[in-house]
Amino acid sequence: MRSEPTIYCLVLYDDFELTSSAWLKWITFAQSIFRLADLAISHMSFKGEASKGEKYVTYPRTISNLMRQLEERNPVEWVSLMYLPDDYNQAIFDFHLNLNARHDQRGIYARKEVIESIGLPRLHKQVEQYHPLEKYLEAEASRPESLFTLTRGLADASDYESLKIFNDTRSGK
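Please read these numbers as outputs of a predicted model, since none were measured by experiment.

Enquirer: I would appreciate a short explanation of the overall build of the chain in the present structure.
Expert: Scanning the chain for helices and strands turns up 6 helices and 9 strands. When contacts within the chain are restricted to residue pairs at least 6 apart in sequence, long-range pairs at least 24 apart make up 67% of them. For the chain, the accessible area works out to roughly 9,100 Å², and carbon and sulfur atoms hold 47% of it.

Enquirer: Could you clarify how one ought to interpret the environment of L84 in this entry?
Expert: Along the chain, L84 turns up in the loop between β5 (76-83) and α3 (91-94). Once residues lying within four places of it in the same chain are set aside, the contact partners of L84 are S42, H43, A91, D94 and F95.

Enquirer: Hey, could you run me through the packing of helix α1 (residues 20-36) against helix α5 (residues 120-130) in this one?
Expert: The N-to-C vectors of α1 and α5 enclose an angle of 170°; their axes lie 10 Å apart at closest approach. With respect to each other, α1 and α5 are oriented roughly antiparallel. Classified by chirality, the crossing of α5 by α1 is right-handed. Counting all contacts with α1, which are made through K25, W26, F29, S32, I33 and L36, the residues of α5 involved are R122, L123, Q126, V127 and Y130. For the contact of α1 with α5, the residue count by class is 7 nonpolar, 2 polar and 2 charged.

Enquirer: Is there a simple way to explain the packing of aromatic side chains in this structure?
Expert: How two aromatic rings sit relative to each other is set out by the distance from centre to centre and by the angle between their planes. Summed over all chains, the structure comprises 2 aromatic pairs. Note on W23 and W26: the rings are 6.3 Å apart at their centroids and 85° apart in plane angle, and the pair reads as edge-to-face. One end of the pair, W23, and the other, W26, are both in helix α1, 3 residues apart, so they sit about a helical turn from each other. Grouping residues by exposure puts W23 and W26 together as buried. Here the aromatic rings of F29 and Y130 are separated by 4.5 Å at their centres, their planes lie at 15°, and the arrangement is stacked. Placement of the pair is F29 in helix α1 and Y130 in helix α5, with a sequence separation of 101 residues. Judged on exposure class, the residue F29 and its partner Y130 are both buried. Its guanidinium or amino end placed over the ring of W23, R106 lies 5.2 Å from that ring's centre, counting from NZ or CZ.

Enquirer: Would you mind showing me how to read the side chain of S42 here?
Expert: Mapped onto the secondary structure, S42 falls in the loop between α1 and β2 (43-48). Separated by 2.9 Å, the side chains of S42 and H43 make a polar contact. When residues no more than four places from it in sequence are discounted, the contact partners of S42 are V57, T58, Y59, M82, Y83 and L84.

Enquirer: Just to check I follow, could you spell out the pattern of salt bridges for this structure?
Expert: Oppositely charged side chains may form a pair once their charged atoms are brought near each other. Within the structure shown, the criterion is met by 5 salt bridges. Two residues, K47 and E77, come together in a salt bridge whose shortest N-O distance is 3.9 Å. Of this pair, K47 sits in strand β2 while E77 is found in strand β5, placing the two residues 30 residues apart along the sequence. Look at E77 and you get partly exposed, because its relative accessible area is 43%. Between D104 and R102 there is a salt bridge, with the nearest N and O atoms lying 3.1 Å from each other. Assessed through its relative accessible area of 22%, D104 is described here as partly exposed.

Reading the values: the criteria
Residues numbered from 1 in each chain as written. Predicted model: local features only at pLDDT ≥ 70, side-chain atom pairs only at ≥ 80, totals over all residues. Heavy atoms only, no water. Helix = DSSP H or I, 4+ residues; strand = E, 2+ residues; numbered from the N terminus. Contact = heavy atoms within 4.5 Å. Areas by Shrake-Rupley, 256 points an atom, 1.4 Å probe, with all protein chains shown as cover. Axes fitted to C-alpha atoms, helices over the stretch in contact; angles between N-to-C directions. Parallel < 35°, antiparallel > 145°, perpendicular 65-115°, else oblique. Left-handed = near helix turned anticlockwise from the far one by under 90°. Nonpolar A, V, L, I, M, F, W, Y, C, P; charged D, E, K, R; others polar. Phe/Tyr/Trp six-rings, centres within 6.5 Å; stacked < 30°, edge-to-face > 60°. Buried < 20%, exposed > 50% of the residue type's maximum accessible area, 1.4 Å probe, protein only. Lys NZ or Arg CZ within 6 Å of the ring centre and 35° of its normal. Polar contact = N/O pair within 3.5 Å; in protein donor to acceptor, adjacent residues only side chain to side chain. Salt bridge = Lys/Arg side-chain N within 4 Å of Asp/Glu carboxyl O.

Shown next as structure tokens:
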């Protein structure tokens, strides 16, 4: 059985624009987080008119497709950028850093050691340069899928034994 790493998340909640310029601003922000972690974006997935977003494909191959969609002003629903090691089996379990965005949230999910290498004060400072830390959730768990379901509102915190919530400022929680 595979040992499960501790995954940290910081998710911003708001109504984000889905315009080309807003997506470009978010991608620039995401690249800055990858640089802080001294990692390169290796894989990407997005959902829009030209992509169903069903699987992660290498970043160089996918970013050009996304940029073409943005230039043509085609709608993009969500974008996810990851660093996956060469020997990964399943993206959901093997990523080291994942930044994803949709209309209502922007999320950073990372292995705990990646966050420790960045440092939370540096991470918070970088995030605040992109968007204020007002409505957000900051937590960690030993199962990444539990964080994904929790941050999307598909599960309750009490459903997960390993979950630790550090900050939750969504709707006065």
